[in-house]
Amino acid sequence: MNLPNRLTLARIILIPIFMAFLLIQDAKGHTIFPYQDIVAAVIFILAATTDGLDGYIARKRGQVTTLGKFMDPLADKLLVSAALISLVELGDVPAWIAWVILGREFAVTGLRAIASADGVVIAASKLGKIKTVTQVIAISAILLKDWPFSLIHIPIGQPFLYIALFFTVLSGVDYMVKMKKLFRK
């Protein structure tokens, strides 16, 4: 259990903590703790930050492991899924957008599993990385209620959600095209 794998595991452990701070309310639907939503946003951002960090450390130190290759994308999908489903529950994200994003994640994961069974490893593409960054920005902005941009009345969460949706679909199509080419050979 090296440092990159510990960071990935920490990301997974932070998910229920994030969800608890985001979703726990009293009987009247009010938050229980002061600044509960801000704490949830900070936990999400901290967890999302470990995504890039664990991969960077693993490559730099030569600590890439089979466990890490499995856990890292799983942790990413769990974090984004938990955030989107929670934000749908709170009425901050339309369900259809969450469905498209999560559908892409499941489809790409399935395609990667099929390729892996044939001994083919499909690395994350630049589009996939852009997709992840835009998703994290959108979710973070929505969690923070567009702060600090809300101070000057500029919404960024919802526009970034649509940008994330665009890159989610585009990267999904890109993976499917790559898979089609791989299986033609």
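Report on the accompanying structure. (Residues numbered from 1 in each chain as written. Predicted model: local features only at pLDDT ≥ 70, side-chain atom pairs only at ≥ 80, totals over all residues. Heavy atoms only, no water.)

**Describing the overall build of the chain**
Piece 1. Per the secondary structure count, the chain includes six helices and zero strands.
Piece 2. Relative to the globule expectation of 16 Å for 185 residues, the C-alpha radius of gyration of the chain, 17 Å, shows essentially globular dimensions.
Piece 3. Over its C-alpha atoms, taken along the principal directions, the chain stretches across nearly 60 × 35 × 30 Å.
Piece 4. With 185 residues in all, the chain has 37% of them scored as buried.
Piece 5. Summarising the internal contacts of the chain: among those between residues at least 6 apart in sequence, 75% fall at separations of at least 24.
Piece 6. Working note: accessible area of the chain is about 10700 Å², and carbon and sulfur atoms make up 72% of it. (Helix = DSSP H or I, 4+ residues; strand = E, 2+ residues; numbered from the N terminus. Rg over C-alpha atoms; globule rule 2.2 N^0.38 Å. Buried < 20%, exposed > 50% of the residue type's maximum accessible area, 1.4 Å probe, protein only. Contact = heavy atoms within 4.5 Å. Areas by Shrake-Rupley, 256 points an atom, 1.4 Å probe, with all protein chains shown as cover.)

**Comments concerning the pattern of salt bridges**
Piece 1. This model, assessed by the stated rule, comprises eight salt bridges.
Piece 2. In this structure, K77 engages E105 in a salt bridge whose closest nitrogen and oxygen atoms are separated by 3.3 Å. Note that K77 is positioned in helix 3 (residues 66–89) and E105 in helix 4 (residues 95–117), a separation of 28 residues in sequence.
Piece 3. Given the relative accessible area of 5%, E105 is considered buried. (Salt bridge = Lys/Arg side-chain N within 4 Å of Asp/Glu carboxyl O.)

**Brief notes about the packing of aromatic side chains**
Piece 1. Here the structure, examined in full by the defined rule, presents four aromatic pairs.
Piece 2. With centroids separated by 5.9 Å and ring planes inclined at 45 degrees, the aromatic side chains of F21 and F33 adopt a geometry described as tilted. Here F33 lies in the loop between helix 1 (3–23) and helix 2 (36–61) and F21 lies in helix 1, a separation of twelve residues in the sequence.
Piece 3. Classification of F33 as partly exposed rests on a relative accessible area of 42%.
Piece 4. With centroids separated by 5.2 Å and ring planes inclined at 75 degrees, the aromatic side chains of F166 and F167 adopt a geometry described as edge-to-face. (Phe/Tyr/Trp six-rings, centres within 6.5 Å; stacked < 30°, edge-to-face > 60°.)

**Some words on helix 4**
Piece 1. Between its terminal C-alpha atoms helix 4 stretches 33 Å, which fits the 33 Å expected from 23 residues at 1.5 Å a residue.
Piece 2. Contacts from the buried residues of helix 4 go to helix 3, helix 5 (126–143) and helix 6 (157–184).
Piece 3. A positive backbone phi angle near 80 degrees is found at G119, which sits one or two residues after helix 4. (Expected span 1.5 Å × (residues − 1).)

**A few points about unusual backbone geometry**
Piece 1. Omega for the bond connecting W147 with P148 falls within 30 degrees of zero, at 5 degrees, which places this linkage in the cis form.
Piece 2. Within the element layout of this structure, P148 appears in the loop between helix 5 and helix 6.
Piece 3. Positive phi, close to 55 degrees, is recorded for K145, a residue that is not glycine.
Piece 4. Position of K145 relative to the elements: it lies in the loop between helix 5 and helix 6.
Piece 5. Positive phi is not limited to glycine here, since D146 has a value of about 70 degrees.
Piece 6. If you trace the backbone, D146 turns up in the loop between helix 5 and helix 6.

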